[in-house]
Amino acid sequence: MDILDKKKLDELAIFSGIPSFEEKLHVGRPNVGDRKRFLQRVEDMFDRRWFTNNGPFVQEFEQKICDYLGVKHCIVVCNATIALEIAARALDLSGEVIVPSFTFVATAHALQWQKITPVFCDVNPQTHCLDIESVRRKITPRTTGIVGVHVWGQPCEIEALTNLVREQKLKLLFDAAHAMGSAHRGQMIGNFGDAEVFSFHATKFFNSFEGGAITTNNSELASKIRLMKNFGFSGLDKVVFPGTNGKMTEVSAAMGLTSLESIDSFIEINQRNFQFYNNELKNLNGIKVFQYEKNEKRNFQYIILEVDESQTGLTRDQLVQILHSENVLARKYFYPGVHEMEPYKTDFPQSGKELPETKSLCQRVMSLPNGSSVNIESIKHICEIIRIAVKHPVEIREKLASL
Ligand code: T4K
């Protein structure tokens, strides 16, 4: 080991006790657009004294999302989990619905909450999205639909799924929580399946504090969803549906409108950061940066690494531990697979055996900070920590074992 290398190793916080970043670097740090513009909108909202219930900002936000996505209908809601529940109900999903286990737990919980059984399918290890053959194998007479998840904003196999649901007479809903700003064959995500659901949660690169949207080109479905998100009210004193309260507030819509004005620059920053991480890490054995399709519009919001322990000599968990000790709060998205969480683990104890790719992926993926809160210097340094760690697995493993 040369002297410089030894010095860098000794400087890691697990040896020196001093993290290299004073402040914590988070995955999911929110992007903030033009603050003045947002605050002006909040002033307008106070002047109007109209805070929620389909206010002018909500209506403007819905129209602007329709324009941005080129979709007929957008219904904004309080978050994507409620959006998934409402969409599942509006589509009359029941019995069993097929979902990937490699997703955020909300995808499955939204179904379970509606007394629909989520049936977990496996994923394609290249795209991290559902594997169509695995979906096919999970179809039973009780299946009523499929929820495809556009993991990391990368569309899942849209054509294959569309053909499959047509053939099997099923409904197709997309969980597009990660996919605002991404496109498929030149058409924006938001236009596919029976409906698509976006998340505008603070941790998403495009946020409205909390929030989400359901988009569809089906006018009848859109009307039903509008009723459902507002208790089923079709007019004053008239309820025609069992509905819930899924409404977005005006302050959220004001934030959403402000974020929308900066969406292109957010994507530019994400892409610049992605390219930087990629260049820094591309020659490291055993570390693979998840790649986005080059010829399609992507939002680049997630920096995903896959750690191959057989080459790095370190597990994903050990690498995350080292980064955490340096105040880089990398996350294990998604770990464990949803099938390993309750109630699914107890209800379907066998499902792990049928999801080998999901199991393996959950052991090797991790997510690094991205967005406007990280600069190039920080990225360089994060990559340097990773480089030093994988160059000295033996010393690192011994040290971690002694802590
Ligand atoms: N479908 C999919 C595929 C999803 O990924 C999600 C949500 C949904 C559906 C449901 O969407 P929503 O109902 O939430 O609209 C976070 C988010 O809460 C969640 O929205 C997101 N996916 C998921 C992937 O990540 P947690 O439990 O990991 O969040 P938490 O509190 O640990 O925060 C994550 C990181 O962000 C931390 O490092 C802290 C940082 N952070 C967070 C907030 C809220 C900030 O720096 N500032 C903040 O304001 O779920």
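Please refer to the structure higher up on the page.
So, here is what we can say about the structure in this document. Per chain, the residues get numbers from 1 upward, laid out in the order the sequence is written. Reporting in this predicted model follows two pLDDT cut-offs: at least 70 for local features of residues, and 80 or more for side-chain atom pairs to be given and counted; totals over whole chains, interfaces and linings ignore these cut-offs and use all residues. Hydrogen atoms and water are omitted, and side-chain values are computed over all heavy atoms in the structure.

**Describing the packing of aromatic side chains**
- Any two rings among Phe, Tyr and Trp, with Trp reduced to its six-membered ring, count as a pair given centres within 6.5 Å; such a pair is stacked if its planes are under 30 degrees apart, edge-to-face if over 60, and tilted if neither. All chains considered together, the criterion is met by 17 aromatic pairs.
- Ring geometry for Phe61 and Phe200: centres 5.7 Å apart, planes at 55°, overall tilted. Remark: Phe200 occurs in the loop between β9 (195-199) and β10 (212-216) and Phe61 occurs in helix α4 (residues 56-69); sequence separation between them is 139 residues. The pair formed by Phe61 and Phe200 is uniform in burial state, with each residue classed as buried.
- Where Phe198 meets Phe200, the ring centres are 6.5 Å apart and the plane angle is 20°; that geometry is what we call stacked.
- The cut-offs for exposure are 20% and 50% of the maximum accessible area for each residue type, with area from a 1.4 Å probe on protein chains only; residues under the lower value are buried, those over the upper are exposed, and the others partly exposed. Phe198 gets classed as buried once you look at its relative accessible area, which sits at 1%.
- Following the ring pairs from residue to residue traces out a cluster consisting of Phe102, Trp152, Tyr302, Tyr333 and Phe334.
- A cation over a ring is seen here: Arg48 above Phe57, with NZ or CZ 4.5 Å from the ring centre.
- Whether a charge lies above a ring is judged from NZ of Lys or CZ of Arg, which has to be within 6 Å of the ring centre and within 35 degrees of the ring normal. Here the basic side chain of Arg316 rests over the ring of Tyr335, its NZ or CZ set 4.9 Å away from the ring centre. The numbering of helices and of strands both runs from the N terminus, where a helix is a DSSP run of H or I of at least 4 residues and a strand a run of E of at least 2.

**Regarding the environment of Leu284**
- Note on placement: Leu284 falls in the loop between α11 (263-281) and β13 (287-289).
- Along the chain, Leu284 and Phe61 lie 223 residues apart, while their C-alpha atoms are 43 Å from each other.
- When residues no more than four places from it in sequence are discounted, the contact partners of Leu284 are Ile386, Arg387 and Val390. Whether two residues touch is decided by their heavy atoms; if any such pair falls within 4.5 Å, the residues are in contact.

**Structural notes on the pairing of β9**
- Judged by how many residues are buried, β9 sits mostly within the fold: 5 of 5 residues are covered.
- The alternating pattern of β9 places Ala195, Val197 and Ser199 and Glu196 and Phe198 on opposite faces, both of which are buried.
- Pairing between two strands is assigned when DSSP locates at least 2 bridges connecting them. Relative to β9, strand β6 (residues 171-175) runs parallel, the two sharing 3 bridges. Its bridge partner lying in β9, Leu173 is registered against Ala195.
- Note that β9 and β10 share 4 bridges and pair antiparallel.

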